[in-house]
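# Structural characterization, general
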Amino acid sequence: MKKLYVFIFILIASTFSACFKDLDTVPLDPNITTSGNAFKDEAVYKQFLGKLYAGLAVSGQEGPAGEPDIQGIDEGFGQYLRGYWYHQELPTDEALIGWNDQTIYNFHDLDWTASDGFTFAFYSRVFYQIVVCNEFLRETTDAKLNERNVSAPVRAEIVDYIAEARFLRALSYWHALDVFRNVPFVTENDKVGAFFPNQIKAPELFKYIESELLDIENTIKAPRTNQYGRADRAAVWTLLAKLYLNAETYIGQKKYNECLSVCEKVINAGYSLEPQYSHMFLADNHKSNEMIFPVAFDGINTRTWGGMTFIIRAGIGGSINPLESGVSGGWGGSRTTRQFVEKFPADLTGIIQEFNPGKSYPKVYVPGSYQTTPFNGSDSKNALTSPKSNKIYEGYRYFAQDNAEFVILRNPSSTLGGKLGDNGADGTLETGGANIKAGSKGLYYIKVDLNNNTYVLEKQTWGVVGSATPGGWDNDTEFTWNAELGYLTAKVELTAGDIKFRANKDWAVNLGDTGADGLLEAGGNDIKITKSGGYEIRLDLDSPDYTYELRLTSFDRRGIFGTKGQVLDINTREDIPIFNNGYAVLKFKNITSEGKSGSNVDFPDTDFPMFRLADVYLMASEAILRGAAGGTKAKATEYFNVVRQRAYTGSAGNVTENNLNLDLILDERGRELYWECHRRTDLVRFNKFTTADYLWAWKGGVSQGQAVDTKYNIFPIPSADISANPNLKQNPGY
């Protein structure tokens, strides 16, 4: 089975008042199925565990809406992942939204209040999730299992379930710590019933989350041994790394040594980076060996108006075709800012030198058996040309089979009237002569001289040489024929230096570029390479003028933006609701790596990568730069460059030890992890979220961006809960 589906939707009833006074209650109606009688069926334990995982993905018992977990909160924006995304992305440079829903503009303006409905919805989801985890743990004590005579095999499985439930609870408490800091606190040890939960301060909550994770570290399943979608030891280590990396922000203590230690456990746990960056965000990303802990979605079984449905569809509008992202339609909401787009290279094509088509010259034609329609004389593309207009024509043809045959025509003609052939196979052309025959398959140079009716036919191989190539001036990197493109192509790692092209590994026939105009001349000047990296070189010898194209394959391709019909800047407040203002982000798609659509065009199959390996590499690098003992600048650079090498498909993006710094890591985290709910936490940790150190469009509610009150580094406890629970104190400034 691809994913962990939800087999049971409700086993407990947790009644939420607007104030969270009742964090743990049971229903009074005896006809309602409760934990007291549901666990008579041993299968329910795993089904209940499914409900815990599903709490991150769906918002009720039916999906996408109907019978919500929490009454009074819209199931679309009240879904866990969507709420988390709102709080982690909308206040940053990575995202803004054009809808005028309630207080949603306040997120990007960084001027929310304690009465914000979206914040209350997310807060509610976090604590609902904690409540159901607590209830599961209450129902799986040894005393309860003994009372029910649960079988030994099921009890053995429940040991794993308990560790996973504690992980999920720690995850939600970490979200509460990161977003709200000082929050109500309840565990399975609190009795069921109405009471006012006590508030736990950030240092104590930090210690609790840490102790929970350390306690389950050796009881939860080993890395990569659990069912897909369920937590394992690597997920525990990654959450610890998140906790430790931000400890200085949360509690004023440096925990970078601990962060590096757990990061390296993950790095050595058997995960690997997905070779192609974009594949991490497609409908079959469950196949990826990079995924450490996902929020699993399925277009048939896990339907929600939040989650990946929201992330994908809200980011599509204007002229952008939703079918190219595997969905039936877009919602015209989310875009990004100029400042974020500019973190990526301006040229996303990688073309260093484009083909130059040259001039139009007199032609003769060479129809033959190699054509799709054999001896198609009316195909004007199959021509040799005379650059000097002197009745000497030349060019190249690729024959895909041995013993190909062709003739020469002065004019294109489907009847092959007036064809020239060679009766004696001696290089002399005769009108109506026999077909000319090539030898073994390959690329052939053909030269026809109609001044004396002779021709030359020579098989050639081509290569690139030079100081910029791995083989230097003496060892060719050979071209291969690309039938689809109709060019010779070669992929080669080049460094700064010079190159030329030559035939048959010999200098007798060589091409250079005199004038650096993209046109090749026999014996021409060396071609300068200024950017190091992986290249695809395309050599077009179809007809003189010969030309070439240099494509840098090693450049950062992670900026997956929708630009068709879009303008980069959002200049006025009135422009924000208009989707065409600002680039779209098309990173996530409901299409597989093979180009197939997901199972449903309304609800994606794409899983959300809550934790993945690239993040761990960058956390380890940052921890070292922030002073982690046992780490070296060389190791920090190595970890950083591992991520860059995937992005650049080679070493072109590598940095040196001298160049690596914290600001570069922050930008790299943005390029690598955008729209994955890391950005707000990262900007706060780097002291750039509320300050003037980094401004982006509409930060603080003005087009050029401005600093805001530091109180916005965390969100307020919802005013409804503050009003109802005398044990709670509001965060400073609210």
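Residues numbered from 1 in each chain as written. Predicted model: local features only at pLDDT ≥ 70, side-chain atom pairs only at ≥ 80, totals over all residues. Heavy atoms only, no water.

### What about the packing of helix α8 (residues 202-216) against helix α9 (residues 233-245)?
What describes two packed helices is the angle between their axes and the distance between those same axes. The line we're drawing: For helices, the fitted line uses only the C-alpha atoms of the stretch in contact; every axis is such a line through C-alpha atoms, and the angle between N-to-C directions lies from 0 to 180 degrees. Segments assigned H or I by DSSP are reported as helices when at least four residues long, segments assigned E as strands when at least two residues long, and all are numbered from the N terminus. In what follows, roughly perpendicular refers to angles from 65 to 115 degrees, roughly parallel to angles under 35, roughly antiparallel to angles over 145, and oblique to any angle outside these ranges. Left-handed is the label given to a crossing in which the near helix is rotated counterclockwise from the far helix by less than a right angle, and right-handed is the label when the rotation is clockwise. Here, two residues are considered to be in contact whenever any of their heavy atoms come within 4.5 Å of each other. Classification convention: Asp, Glu, Lys, Arg as charged; Ala, Val, Leu, Ile, Met, Phe, Trp, Tyr, Cys, Pro as nonpolar; all other residues, Gly among them, as polar.
Between α8 and α9, the least distance of the axes is 10 Å, while the angle of their chain directions is 155°. In terms of axis orientation, α8 runs roughly antiparallel to α9. Here α8 and α9 pass one another in a crossing that is left-handed. Contacts from Phe206, Ile209, Glu210, Leu213, Leu214 and Ile216 in α8 reach Val236, Leu239, Leu240, Leu243 and Tyr244 in α9. By residue class, the composition of the contact of α8 with α9 is ten nonpolar, no polar and one charged.

### Overview of helix α2 (residues 44-54)
Here is the rule we go by: Here's how the labels work: a residue is buried when its accessible area is under 20% of the maximum for its type, exposed when over 50%, partly exposed in between, all with a 1.4 Å probe on protein chains only.
With nine of eleven residues buried, α2 is to be regarded as a mostly interior element. Residues Val44, Tyr45, Phe48, Leu49, Gly50, Lys51, Leu52, Tyr53 and Ala54 constitute the buried set of α2.

### What about the side chain of Arg181?
Going by this rule: Polar contact is defined as a pair of N or O atoms within 3.5 Å, subject to the rule that within protein one atom must be able to donate a hydrogen and the other to accept it, and that residues adjacent in sequence are counted only when both atoms are side-chain atoms.
Looking at the element boundaries, Arg181 is found in the loop between α7 (152-180) and β2 (183-185). Among the polar contacts made by the side chain of Arg181, one reaches the main-chain carbonyl oxygen of Asp178 at a distance of 2.8 Å. Look past the residues within four positions of Arg181 in its chain and what remains in contact with it is Ala176, Ile200, Ala202, Leu205, Thr249, Tyr250 and Ile714.

### Some points on the packing of aromatic side chains
Applied cut-off: Two aromatic rings, drawn from Phe, Tyr or Trp (for Trp, its six-membered ring), form a pair once their centres lie within 6.5 Å of each other, and the interplanar angle then sorts them: stacked below 30 degrees, edge-to-face above 60, tilted otherwise. Only lysine NZ and arginine CZ atoms are considered, and such an atom sits over a ring when it is within 6 Å of the ring centre and within 35 degrees of the ring normal.
Applying the stated criterion across every chain yields a total of 55 aromatic pairs. Seen in terms of ring centroids, Phe355 and Tyr487 are 4.7 Å apart; in terms of plane orientation they differ by 55°. Their pairing is tilted. Placement of the pair is Phe355 in the loop between β6 (351-353) and β7 (363-365) and Tyr487 in strand β19 (residues 487-494), with a sequence separation of 132 residues. Phe355 sits in the partly exposed class, given a relative accessible area of 23%. Just above the ring of Tyr674 sits the side chain of Lys587; from NZ or CZ to the centre is 4.1 Å. A cation sits over an aromatic face here: Arg626 above Phe686, 4.6 Å from the ring centre.

### Describing the state of the cysteines
Linking two cysteines covalently via their sulfur atoms produces the bond known as a disulfide. Selection criterion: Throughout, disulfides are identified as pairs of cysteine sulfur atoms within 2.5 Å of each other.
Under the definition given, this model contains zero disulfides. Cys677 provides the cysteine sulfur closest to Cys133, a residue in no disulfide bond, and the two sulfurs are 19 Å apart. Residue class for Cys133 comes out buried when judged on its relative accessible area of 0%. Sulfur of Cys259: no disulfide; nearest cysteine sulfur belongs to Cys263 and is 4.0 Å away.

### Focus on unusual backbone geometry
We note that Lys505 has phi near 55°; this positive angle belongs to a residue other than glycine. Here Lys505 lies in the loop between β20 (497-503) and β21 (510-512). Of note in this structure, Ala516 is not a glycine but carries a positive phi near 50°. Tracing the backbone shows Ala516 in the loop between β21 and β22 (519-522).

### Digging into the environment of Ile200
Tracing the chain through its elements places Ile200 in strand β3 (residues 198-200). Note: C-alpha distance between Ile200 and Ala614 (414 residues apart in sequence) is 33 Å. Leaving out residues up to four positions away in the same chain, Ile200 has contacts with Arg181, Asn182, Val183, Phe185 and Leu205.

### What about the nonpolar core?
Here is the rule: Remark: nonpolar core denotes a set of buried residues (Ala, Val, Leu, Ile, Met, Phe, Trp, Tyr, Cys) joined through side-chain atoms within 4.5 Å.
Ranked by internal contacts, the top residues of the largest apolar core, which has 161 residues, are Tyr86, Phe167, Ile209, Phe293 and Phe608. The leading source of residues in this core is α7, at 15 residues. With residues near it in sequence (within four places) discarded, Phe167 still touches Leu213, Ile216, Ile220, Ala231, Ala235, Val236, Leu239, Phe293 and Phe611.

### A word on the confidence of the model for the protein chain
Detail in the predicted coordinates should be disregarded across regions flagged by low pLDDT. Basically, it comes down to this: In predicted models, pLDDT denotes the confidence assigned by the predictor to each residue on a 0 to 100 scale.
Across the protein chain, the average pLDDT comes to 92, with 95% of residues at or above 70. Within the model, the stretch residues 1-33 combines pLDDT values under 50 with 95 contacts to residues more than four positions away or in other chains.

### Considerations on the pairing of strand β16 (residues 462-465)
To keep things clear, this is the line we draw: When DSSP finds two or more bridges between two strands, those strands count as paired.
Of the two faces of β16, both are covered, the one formed by Trp462 and Val464 as well as the one formed by Gly463 and Val465. Here β16 runs beside β20; their pairing, made up of four bridges, is antiparallel. Residue pairing across strands places Val464 opposite Phe501, the latter belonging to β20. Summarising the sheet, β16 and strand β17 (residues 477-478) pair through two bridges and their orientation is antiparallel. Within β17, the position partnered with Val464 by the bridge is Thr477.

### A closer look at helix α16 (residues 662-673)
What counts, and what does not: The span expected for a helix works out to 1.5 Å for each residue beyond the first.
The terminal C-alpha atoms of α16, which comprises twelve residues, lie 16 Å apart, in line with the 16 Å expected from a rise of 1.5 Å per residue. Those residues of α16 that sit buried are Leu664, Ile665, Leu666, Glu668, Arg669, Gly670, Arg671, Glu672 and Leu673. For α16, the N-terminal cap is Asn661; the gap from its side-chain oxygen to the backbone nitrogen of Asp663 is 3.1 Å. Directly beyond the C-terminal end of α16, a positive phi value near 65° is found at Trp675.

### Considerations on the side chain of Asn285
With respect to the helices, strands and loops of the structure, Asn285 is situated in the loop between α11 (256-267) and β4 (291-295). Residue Asn285 is classed as buried on the basis of its relative accessible area, which comes to 0%. A distance of 2.8 Å separates a polar side-chain atom of Asn285 from the backbone oxygen of Asp607. For Asn285, the residues in contact, after removing those within four places along its chain, are Tyr228, His279, Met280, Met291, Thr606 and Asp607.

### Points about the pattern of salt bridges
Using the following cut-off: Only one rule defines a salt bridge in this text: a Lys or Arg side-chain nitrogen within 4 Å of an Asp or Glu carboxyl oxygen.
In the structure shown here, the tally under the stated rule is 50 salt bridges. Among the ionic pairs, Arg169 bridges to Glu188, the shortest N-O distance being 2.5 Å. Taken as a pair, Arg169 in helix α7 and Glu188 in the loop between β2 and β3 lie far apart in primary sequence, 19 residues in all. The class of Arg169 is buried, set by a relative accessible area of 1%. Exposure remark for Glu188: the relative accessible area of 24% places this residue in the partly exposed category. The closest approach of N and O atoms between Asp663 and Lys688, which form a salt bridge, is 3.7 Å. Here the residue Asp663 occupies a position in helix α16, and Lys688 occupies one in the loop between α17 (679-685) and α18 (719-724), the gap between them amounting to 25 residues. Under the relative-accessibility criterion, Asp663 is labelled partly exposed at 44%. Given the relative accessible area of 14%, Lys688 is considered buried.

### Side note on the environment of Met291
Among the secondary structure elements, Met291 is positioned in strand β4. Residues Met291 and Tyr617, spaced 326 residues apart in sequence, show a C-alpha to C-alpha distance of 13 Å.

### Comments concerning the packing of α9 against α11
Here α9 crosses α11 at 155°, and the two axes come no closer than 8 Å. The orientation of α9 relative to α11 falls into the category roughly antiparallel. As α9 packs across α11, the resulting crossing turns out to be left-handed. Residues Ala234, Trp237, Thr238, Leu240, Ala241, Tyr244 and Leu245 of α9 form the contact with α11, whose own contacting residues are Tyr256, Glu258, Cys259, Val262, Cys263, Lys265 and Val266.

### Considerations on the pairing of β4
Among the five residues of β4, five are classified as buried, and the element is accordingly described as predominantly covered. Direction of pairing for β4 relative to strand β28 (residues 608-612): antiparallel, over a ladder of four bridges. Within the sheet, the bridge partner assigned to Met291 lies in β28 and is Arg612.

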